[in-house]
Amino acid sequence: AKLMLCYLLVDDFKNAQFVWARIPPAEKEKVDYLDKIWTMAKHTHNRNRSEFYTATKGNFPAEVKTMVEALREHVHEKMISYVAKAYQSIKPKKCADLLGVTEQKVLKIADSKNWKVEDNIIYPEKVLKAEDEEPPMLPEIDHLSSFMMQFEANQLGE
């Protein structure tokens, strides 16, 4: 589950899909939150934002809860950036659906981003983003990557 979430945090759906395929069916049935994480992955890939945000609100064990929250925040920030790039104007309801928040929260976000709001229409400002900005990292990613490399090396050695 953690490795799949790590791939999703760096927008790598294909590798998350490979992780899902490698999980034995018995393990998928035994660990109920694996299916929830895979559902979140499919929603991000299919751009079903409202379903993604709903899926992240489920109960998750402490071992993955932080990563699920980080993924939700990552998608949220990415969507704010997309809204700023793609829309010259947008209604608060549409923006709220894209960002997974209430209309009141959208207006607060618009204010914090210095977006103009007139006559119930938000006018996002495009933000220039540094090209070399690194994706969000969690301390577990490095550890999990090392573990998976060892695991796969051991599997090849058998």
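Residues numbered from 1 in each chain as written. Predicted model: local features only at pLDDT ≥ 70, side-chain atom pairs only at ≥ 80, totals over all residues. Heavy atoms only, no water.

*Asks:* So what about the side chain of Arg-49? Which residues, and what values?
*Replies:* Inspection of the secondary structure puts Arg-49 in helix α5 (residues 49-56). One buried charge, Arg-49, has no salt-bridge partner; the nearest side chain with opposite charge is Asp-11, at 8.0 Å. Only 3.4 Å separates the side chain of Arg-49 from the backbone oxygen of Thr-44, close enough to count as a polar contact. Once you skip the residues sitting within four places of it in the chain, Arg-49 turns out to touch Thr-44, Met-79, Asp-97 and Leu-98. (Helix = DSSP H or I, 4+ residues; strand = E, 2+ residues; numbered from the N terminus. Buried < 20%, exposed > 50% of the residue type's maximum accessible area, 1.4 Å probe, protein only. Lys, Arg positive; Asp, Glu negative; His and termini not counted. Salt bridge = Lys/Arg side-chain N within 4 Å of Asp/Glu carboxyl O. Polar contact = N/O pair within 3.5 Å; in protein donor to acceptor, adjacent residues only side chain to side chain. Contact = heavy atoms within 4.5 Å.)

*Asks:* Quick rundown of the nonpolar core? Include the residues and the values.
*Replies:* Counting 41 residues, the largest nonpolar core has Met-4, Leu-5, Met-40, Leu-71 and Leu-99 as its most contacted members. Elements with a minimum of two residues in this core: α1 (2-9), α2 (13-22), α4 (32-45), α5, α6 (62-86), α7 (92-99) and α8 (103-112). When near neighbours in sequence (up to four residues on either side) are disregarded, Leu-99 contacts Tyr-53, His-76, Met-79, Ile-80, Val-83, Val-106 and Ile-109. (Core = buried A, V, L, I, M, F, W, Y, C linked by side-chain atoms within 4.5 Å.)

The analysis is restricted to geometry; functional conclusions fall outside its scope.
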